[in-house]
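Here are the chains, one letter per residue:
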Amino acid sequence: MEYMLSKACKQLLVIEQYEFGFHKNLSENIARWKCTKRGCTVFVKVLNKVIVEQYLDHSHEVDTTLARQQISNSLKWKASDALSERSTKIIGREIVNVK
């Protein structure tokens, strides 16, 4: 389980190469996350970064662009933070970190 940012700078939860978007807060500070693919009924309930309930029977294939999205989003943030650094240097360092 890991977190990443979407293109719209919203937090996404990633489990087994599937993306989950925040849905709503439930009682007792439990957060409900649902799959980002329209029509998929998969959900996860998380309390203090620990999964307390899950239904992981997806109705679609794994998103193959997830790794690219993670690198792209990471590069955007790092490039905006280090404006004086060359972009090729930032990209090279990020590619090495992924491998």
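Numbering of residues begins from 1 in every chain and follows the order in which that chain's sequence is written. Local features in this predicted model are restricted to residues of pLDDT 70 or higher, and side-chain atom pairs are both shown and tallied only at a pLDDT of 80 or more, whereas totals for entire chains, interfaces and linings draw on every residue. Excluding hydrogens and water, the side-chain figures rest on all heavy atoms present in the structure.

Mind showing me how you'd approach the sheet that holds strand 4 (residues 31–35) here?
Taken in spatial order, the six strands of this open sheet run 1-2-3-4-5-6, and their pairing is antiparallel. Among the strands making up the open sheet, the edge pair consists of strand 1 (2–5) and strand 6 (50–55). Across the sheet, the mean angle from the axis of one strand to that of its neighbour is 35°, orientation sign disregarded. Strand direction decides the pairing type here: strand 3 (residues 18–25) and strand 4, joined by five bridges, are antiparallel. Residue pairing in the sheet places Lys24 in a bridge with Arg32 of strand 4. We treat two strands as partners when DSSP finds at least two bridges between them. Elements are defined by DSSP. Helices are runs of H or I of four residues or more, strands are runs of E of two residues or more, and each kind is numbered from the N terminus. Axis definition: a line fitted to C-alpha atoms, limited for helices to the stretch in contact. Angles are taken between N-to-C directions and run from 0 to 180 degrees.

How should I be thinking about the pairing of strand 6 in this particular structure?
Look at any regular strand and the pattern is simple: side chains alternate between the two faces of the sheet. Of the pairings in the sheet, the one linking strand 5 (residues 43–47) to strand 6 comprises five bridges and is antiparallel in character. By the bridge assignment, Lys45 is partnered in strand 6 with Glu53. The hairpin formed by strand 5 and strand 6 contains two residues between the paired strands, and Asn48 there has a positive phi angle of roughly 50°.

What am I meant to see in the pattern of salt bridges here?
Pairing is possible between side chains of opposite charge, provided their charged atoms come close. By salt bridge we mean one thing: a side-chain nitrogen of Lys or Arg within 4 Å of a carboxyl oxygen of Asp or Glu. One pass over the structure, following the stated rule, counts one salt bridge. The residue Glu53 makes a salt bridge to Lys45 at a minimum N-O spacing of 3.3 Å. Glu53 gets classed as partly exposed once you look at its relative accessible area, which sits at 38%. The buried label applies to any residue whose accessible area, calculated with a 1.4 Å probe on protein chains only, is under 20% of its type's maximum; exposed applies above 50%, and partly exposed to all values in between. Residue classification places Lys45 among the buried residues on the basis of a relative accessible area of 19%.

Would you mind showing me how to read the packing of aromatic side chains here?
Two numbers describe a pair of aromatic rings. These are the distance of the centres and the angle of the planes. Geometry of aromatic contacts follows a simple scheme: Phe, Tyr and Trp rings, the Trp one being its six-membered ring, pair when their centres are within 6.5 Å, and the pair is stacked under 30 degrees between planes, edge-to-face over 60, tilted otherwise. For the structure on display, the rule yields three aromatic pairs. Ring geometry for Phe22 versus Trp33: centroids 5.6 Å apart, planes at 80°, classification edge-to-face. Taken as a pair, Phe22 in strand 3 and Trp33 in strand 4 lie far apart in primary sequence, eleven residues in all. With a relative accessible area of 42%, Phe22 lands in the partly exposed category. Counting every residue linked through ring pairs, the aromatic cluster contains Tyr3, Phe22 and Trp33.

Any chance you could explain the nonpolar core here in plain terms?
In a soluble, globular protein the nonpolar side chains are often hidden away together inside. With eleven residues, the main nonpolar core is built from Leu13, Ile15, Tyr18, Phe20, Ala31, Trp33, Cys35, Cys40, Val42, Val44 and Val46. Looking at this core, the elements with two or more residues in it are strand 2 (11–15), strand 3, strand 4 and strand 5. By definition in these notes, contact holds between two residues if any of their heavy atoms fall within 4.5 Å. Once you skip the residues sitting within four places of it in the chain, Cys40 turns out to touch Cys35, His58, Ser59 and His60. In this description, a nonpolar core means a group of buried Ala, Val, Leu, Ile, Met, Phe, Trp, Tyr and Cys residues linked to one another through side-chain atoms lying within 4.5 Å.

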